[in-house]
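In case you want the letters, here they are:
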Amino acid sequence: MPSEPSSYVSDPTPGRGALRPARSWLHSDAPSLSLNGSWRFRLAPTASAPEDFTADAFDDGGWDSIPVPSHWVLQGDGEHGRPIYTNVQFPFPIDPPHVPDENPTGDYRRHFDLPAGWSEAERVVLRFDGVESLFKLWVNGDEIGSAAGSRLAHEFDVTSSVRPGDNVVAVRVHQWSAASYLEDQDQWWLPGIFRDVTLIARPAGGIEDVWVRAGFDDGRGRVEVEVTADATAFPVTLRLPELGVERVWSTAADVAAFDIDGVEPWSAEQPRLYDATVSSATETVSLRVGFRTVEIRGDRFLVNGRRVVFHGMNRHEAHPERGRVFDEEHARADLARMKRFNVNAIRTSHYPPHPRLLDLADELGFWVVLECDLETHGFDKLGWVGNPSDDPVWREAYLDRIRRTVERDKNHPSVVIWSLGNEAGTGSNLAAMSAWVHARDAERPVHYEGDHAGEYTDVYSRMYASVLETEQIGTDGSRAPLMNCTPAQGARQRTKPFLLCEYAHAMGNGPGALDRYEDLVHRYPRLHGGFVWEWRDHGILTTAPDGTPYYAYGGDFGEVVHDGNFVMDGLLLSNDVPTPGLHEYKAVVQPVRFAFDGDDVVVTNLRHSADTSDLRFRWRVEHDGTLVDSGDMKVSVVAAGDCERVPLPSVPVAPDAETWLTIDAVLAADTAWAGEGHVVATAQLDRSAPRAVPVARPVTDWTPSGGTLTLGVAEFVDGSLVRLAGRAVAGPRLELFRAPTDNDEGTSGEVEDSDASIAGVSNAELWRRDGLDRLTTRRLSVERAPDALRTVSKVSAAHSALSVTVETLWSLQDGELELRVEIQPSAGWRTVWPRIGIRFDLPDGAAPVDGAEWFGLGPHESYPDSLRAARTGRFSSTVRDLSVEYARPQETGHRSQVRELALTSAGSKVLRIVTLPDTRGRRPGFTLGRHTPQDIAQARHPFELPESTTSHLIVDAAQHGLGSRACGPDVWPEFALRPESRTIRLRITAG
Ligand code: IPT
């Protein structure tokens, strides 16, 4: 007879026995003992295994061992189950508050010696900083309690159960519980004790909790302290040594607010912290205090009286090997990287991070939106019927979560907004959370995006609003209705500061049009910027059957339900490599802007409060990408919000080369996050003298012809190119396909075409329907003239009457080989095209093409709606490094506006291509890779790409934009590529 599953697993209340009220995560000199390390571990498939293991004398000799903190599914090579990725879906039946009997349950045991001297402690407390999802605790066989709230801290009083010498602690952890309905965040489900376990001796007369609020108003600091301690703790002393402050309070009633003159404020830009201590006779708590005042005035969100613009990232805790286990070194490196990429804010999506992260945020400087551990997104499927957010049965769980969130992190100056959670619909329990926060912390505003009508939150927040919609929100007096709002509600929302808690979905190659959002922030002060979704990919490092390492996503662990690669949507790849999207972001949000005006440049400081005294300004001049002059530019210190007009250096203009002036704002000295010389902001000015485009000699006397022919470096057989500069080459062939990006595969946002057969269908699907990935060719003619060859072909796909006429015209011009390709679509094409390009295949032979040098836009890949990070210059790269290894292979590597390209083999140039602009001055871009778009489109992971013996060069007259339709708007119309006639002109010589 199977025993009944314990009912507490489906109990919607937050467990029993954890200490209340929750308190701050304090740095205290009270003795503590880390119980991190190796624990004994046994995994059962159901929640109902006997609880015999809790007994003191139980023999766990046959058990495995497991590290704490860790997730058991990431330990033991798949022996302990495997991770599951879902976005919105519940990986168990929606049957609240119940979960299936198949409920992986991990039993943990370990011994510890109670440190000598702890017998003097008044109490002994056992703290768990994070256990997913529900756990029950025993010490020396005594049942202590249970708790849920995976990313929240729980403390238990174990005083009466511990004994001198050896002790045994036993913990049972259930993967699924009623709490799982409240923890449906878009991420991996990763059970286990994944944060620290600490035994703490609480001294008699100790400081139970403290809250130091440090406000700032025009040079004056205001300190308000709340001490939680019993009467025996007094007198209590607050010290701020650097400010010469020492306050002694004899009783709790004496604790009073006071002002200090001459303090420096804390901001994300200048994170000035003052060391402080709060002590009683038996305990000293150390804090780092930052003076800052958060305030909403009208529709402005202000810190220290100045408007804040969030250039933020949604940050999950994700590591390819450790999952959500915190690693301070990695976290610090990650935050330093954010600073280097001009990120100034973090939303802790969608739960409180490891508490130490906020120390780092205080220290390095970020505005933090601290979010509670709450999401019930799966109820969306039921039209939100039964959503816990509006059911009194769950009220206490909601309140417990927000109390634990706010109490734990209340001391951090970086935390400027509390967020109730994410995607939990709306309801009275959320309103109750908000009311509790307002009562507890009068200063910081409450955020929750799901409160569309603005009934209980202080800021107006949206996710993935289009540029147009965002603009309408920013516009005063606009009549445009707001999403899910009555006119009255909309009017109320327009009285509040607005932020995009998620935007610019960074899945795969993209997002495009970041600059459009940024522009709005500077036009409409109600708009306070936003938080990109999201900072990093959540790939889990694993190996393919042949041993090749790769980053796994949903479905790679055989999950029953999953959401594929939707978990790979960061600006950082799983292995910490910044994507081109992150470089674009950095350029778009750069805090210093340059506007060229005649012989001057206007330097604008867009920061919150820091002036430019930390920066130096450098300039350089390049002729066709080669440095000819450089120097420092004198810019006097520009205050935040101000600008300064500065004369440009004199620029030597070349008669026969492009002349570009580049200005960089760089760090004048080392910081905690970047070294001296780190580039913060850049701008370029084209000072080129006009130059005539060579006109091609007209060829007229054509005669039909086949056979062999040599023109310059090109050799032809029957009208087909076979060699260039002695190397075998196939092509050029028309290439209209690109391996669809995640945005190309997306269906979200508006579609421009109201045609029912197209609406809601991804671009990629439309391309496949039109057969762009399987074009065939019919040659119409081959003709020759002296020093020239012309072919005309019709290109089309099976079962399609649509076609493209391609004329290739090879000729000798000024003694050089010129290729001119005229591409002309038939009537009737109705979709956008991914690209208009020509492809050359270059088999490896004796000297494989393995690199490129170019003059054009670089160094990173760029697309029409993602050009801000690209600069004009001379660059080189291996073929390998031209492509980005997105978790799911897709279009990558396009370099725009190329003037000159050399293909290289082992460092030597083997072929040189100069592009000529078309009649509208447009230059093509190029892509050089080891796989065709068709190959790439077949692979789900990088390791599935076949071995290649050929390099493929695609010269694109145009590429479609990137957009962000994986979860957001489609490509902005201006950057959408509609089928159209295009010309490509190339001059080709040997290397
Ligand atoms: C939004 C979620 O809040 C976030 O967690 C993530 O899933 C993101 O989408 C997409 O990657 S919710 C969605 C309905 C817009």
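Residues numbered from 1 in each chain as written. Predicted model: local features only at pLDDT ≥ 70, side-chain atom pairs only at ≥ 80, totals over all residues. Heavy atoms only, no water.

Defined as follows: UniProt positions are given in the numbering used here, feature names are shortened, and annotations may be inferred rather than shown by experiment.
Under an unreviewed UniProt entry, the chain has the name Beta-galactosidase and belongs to Streptomyces lannensis. Recorded under Catalytic activity (unreviewed entry), the UniProt text for the chain is reproduced unchanged: "Hydrolysis of terminal non-reducing beta-D-galactose residues in beta-D-galactosides."

**Observations concerning the packing of helix H1 (residues 328–340) against helix H2 (residues 355–364)**
Put simply, the test is: All axes are obtained by fitting lines to C-alpha atoms, using only the stretch in contact for helices, and the reported angles, taken between N-to-C directions, cover 0 to 180 degrees. Think of it this way: any DSSP run of H or I at least four residues long counts as a helix, any run of E at least two long counts as a strand, and we number them from the N terminus. For any helix crossing, the convention is left-handed if the near helix is rotated counterclockwise from the far helix by under a right angle, and right-handed if that rotation is clockwise. We call two residues contacting when some pair of their heavy atoms lies within 4.5 Å. For this scheme, ten residues count as nonpolar: Ala, Val, Leu, Ile, Met, Phe, Trp, Tyr, Cys and Pro. Four count as charged, namely Asp, Glu, Lys and Arg, and the remainder, Gly too, count as polar.
In contact at an axis separation of 10 Å, H1 and H2 are set at 35 degrees when each is read in the N-to-C sense. Crossing hand, H1 versus H2: right-handed. Together, Glu328, Ala331, Arg332, Leu335, Ala336 and Lys339 of H1 and Arg356, Leu357, Leu360, Ala361, Glu363 and Leu364 of H2 make up the contact between the two elements. Classifying every residue of the contact of H1 with H2 gives seven nonpolar, no polar and five charged.

**Some remarks on the sheet that holds strand S15 (residues 197–202)**
To keep things clear, this is the line we draw: A pair of strands counts as paired when DSSP detects no fewer than two bridges linking them.
Here four strands make up an open sheet; going across it, the order is S2-S15-S7-S11 and the pairing antiparallel. Two strands close off the open sheet at either side, each with one partner strand: strand S2 (32–34) and strand S11 (154–157). On average, each strand axis in the sheet is inclined to that of its neighbour by 20 degrees, with strand direction left out of account.

**Here we look at helix H5 (residues 467–474)**
Count 3.6 residues to each turn of an α-helix, and residues three or four apart come out pointing the same way. Here is the rule we go by: Each residue is placed in one exposure class: buried if its accessible area under a 1.4 Å probe, protein chains only, is under 20% of its type's maximum, exposed if it is over 50%, and partly exposed if it falls in between. The directions from the helix axis to the C-beta atoms are what the arc is built from.
Of the positions making up H5, those classed as buried are Val467, Thr470, Ile473 and Gly474. Buried residues in H5, looked at end-on, bunch into an arc of 120 degrees, giving them a common side. Those residues of H5 that are buried are in contact with strand S31 (460–463), strand S32 (498–503), helix H7 (514–523) and strand S33 (527–532).

**Re the site of the ligand**
Basically, it comes down to this: Only a single heavy atom is needed: when it lies within 4 Å of a molecule or strand, its residue is near that molecule or strand. We call two N or O atoms a polar contact when they sit within 3.5 Å, provided that within protein one can donate a hydrogen and the other can accept it, with sequence-adjacent residues counted only if both atoms are side-chain atoms. Working definition of accessibility: Shrake-Rupley area with a 1.4 Å probe, residue cover restricted to the visible protein chains.
Neighbouring the ligand are 14 residues; Asp186, His350, Asn422, Glu502 and His505 lie closest to it. Between the ligand and His350 there is a distance of 2.7 Å, counted from an oxygen atom to a side-chain nitrogen or oxygen. Residue Asp569 places a side-chain N or O atom 2.9 Å away from an oxygen atom belonging to the ligand. In isolation the ligand exposes 390 Å². Once the protein is present, 85% of that is buried. Here the residues of the shell around the ligand are counted per class, giving five nonpolar, five polar and four charged.

**Focus: the packing of aromatic side chains**
Using the following cut-off: Side-chain rings of Phe, Tyr and Trp (the six-membered ring for Trp) are treated as a pair once their centres are within 6.5 Å; stacked means planes under 30 degrees apart, edge-to-face means over 60, and tilted covers the remaining angles.
Scanning all chains against the criterion turns up 31 aromatic pairs. Between Tyr550 and Phe943, the aromatic rings sit 4.6 Å apart at their centres with planes inclined by 55 degrees, giving tilted as the arrangement. In this pair, Tyr550 sits in strand S35 (residues 549–552) while Phe943 sits in the loop between helix H11 (933–938) and strand S59 (950–959), placing the two residues 393 residues apart along the sequence. Connected via pairs of aromatic rings, a cluster forms that spans Phe90, Phe92, Trp176, Tyr181, Trp189 and Phe379.

**Some details on the state of the cysteines**
In a disulfide, the sulfur atoms of two cysteines are covalently bonded to one another. We apply this condition: Here, the term disulfide refers to a pair of cysteine sulfur atoms separated by no more than 2.5 Å.
Within this structure, the stated rule accounts for zero disulfides. Unpaired in terms of disulfides, Cys485 finds its nearest cysteine sulfur in Cys501, a separation of 14 Å. We classify Cys485 as buried; its relative accessible area is 15%. The thiol sulfur of Cys967 is not disulfide-bonded, and the nearest other cysteine sulfur, from Cys501, lies at 11 Å.

**Section: the sheet that holds strand S18 (residues 236–240)**
One open sheet accounts for five strands, arranged S1-S22-S21-S18-S19; its pairing is antiparallel. Two strands close off the open sheet at either side, each with one partner strand: strand S1 (27–28) and strand S19 (245–249). Sheet topology places S1 next to strand S22 (residues 284–289); two bridges connect them, and they run antiparallel. Along S22, the bridge assignment pairs His27 with Ser286.

**Side note on the pattern of salt bridges**
Going by this rule: Each salt bridge in this description consists of a side-chain nitrogen of Lys or Arg and a carboxyl oxygen of Asp or Glu lying within 4 Å of one another.
Tallying each qualifying case throughout the model produces 94 salt bridges. As a salt-bridge pair, Asp60 and Arg109 come within 2.9 Å of each other at their nearest N and O atoms. Here Asp60 is found in the loop between strand S3 (37–46) and strand S4 (64–68), whereas its partner Arg109 is found in strand S6 (residues 102–114), with 49 residues between them in sequence. Neither residue differs from the other here; Asp60 and Arg109 are each classed as buried. We note a salt bridge from Arg172 to Asp107, for which the minimum N-O separation is 2.7 Å. With Arg172 in strand S12 (residues 165–174) and Asp107 in strand S6, this residue pair connects regions lying 65 residues apart in the sequence. One connected set of salt bridges, linked through shared partners, spans Glu132, Arg151, Glu183, Arg324, Asp373 and Arg401.

**So, the pairing of strand S17 (residues 220–228)**
Across the two faces of S17 the burial differs, with Gly221, Val223, Val225 and Val227 buried and Arg220, Arg222, Glu224, Glu226 and Thr228 not buried at all. In the sheet, strand S16 (residues 209–217) pairs with S17 via nine bridges, with the strands oriented antiparallel. Residue pairing across strands places Gly215 opposite Arg222, the latter belonging to S17. The turn linking S16 back onto S17 is made up of two residues, and Asp218 within it adopts a positive phi angle of 50 degrees. Judged from the four bridges that link them, S17 and strand S20 (residues 258–261) form a sheet pairing that is antiparallel. Counted as the bridge partner of Val223 is Phe258 from S20.

**What to know about the packing of H7 against helix H8 (residues 580–588)**
Counted only if it meets this: What sets the label is the angle itself: under 35 degrees gives roughly parallel, over 145 gives roughly antiparallel, 65 to 115 gives roughly perpendicular, and the rest give oblique.
Their axes nearest at 10 Å, the elements H7 and H8 cross at an angle of 25 degrees. The orientation of H7 with respect to H8, classified from their angle, is roughly parallel. For the crossing formed where H7 meets H8, the hand is right-handed. Of H8, the residues touching H7 (which contributes Leu514, Asp515 and Glu518) are Gly581, Glu584, Tyr585 and Val588. By residue class, the composition of the contact of H7 with H8 is three nonpolar, one polar and three charged.

**Things to note about helix H9 (residues 763–770)**
Here H9 has its buried residues at Asn763, Ala764, Leu766, Trp767 and Asp770. Relative to the axis of H9, the buried residues are bounded by an arc of 160 degrees and lie together on one face. Those residues of H9 that are buried are in contact with strand S50 (788–797). Count one or two residues on from H9 and you reach Gly771, which has phi positive near 75 degrees.

**What about the domain arrangement of the chain?**
Convention followed: Where each domain starts and ends follows an automatic or database-derived domain assignment. Accessible-area loss on putting two parts together, using a 1.4 Å probe and summing over both, is the definition of buried area adopted here.
In terms of domain boundaries, the chain breaks down into domain 1 (6–202), domain 2 (209–282), domain 3 (296–536 + 571–585), domain 4 (591–686) and domain 5 (707–990). The C-alpha centroid of domain 5 is placed 35 Å from the C-alpha centroid of domain 4. Contacts between the two partners involve eight residues from domain 4 and, on the opposite side, seven residues from domain 5. Regarding the contact of domain 4 and domain 5, the summed buried area is about 650 Å², with carbon and sulfur atoms giving 42% of it. Ranking the residues of domain 4 by area buried against domain 5 places Asp624, Glu658 and Gln684 at the top, with a combined share of 54%. Viewed at the interface, domain 5 and domain 4 are joined by two salt bridges. The shortest N-O distance in the salt bridge between Glu658 and Arg923 comes to 4.0 Å.

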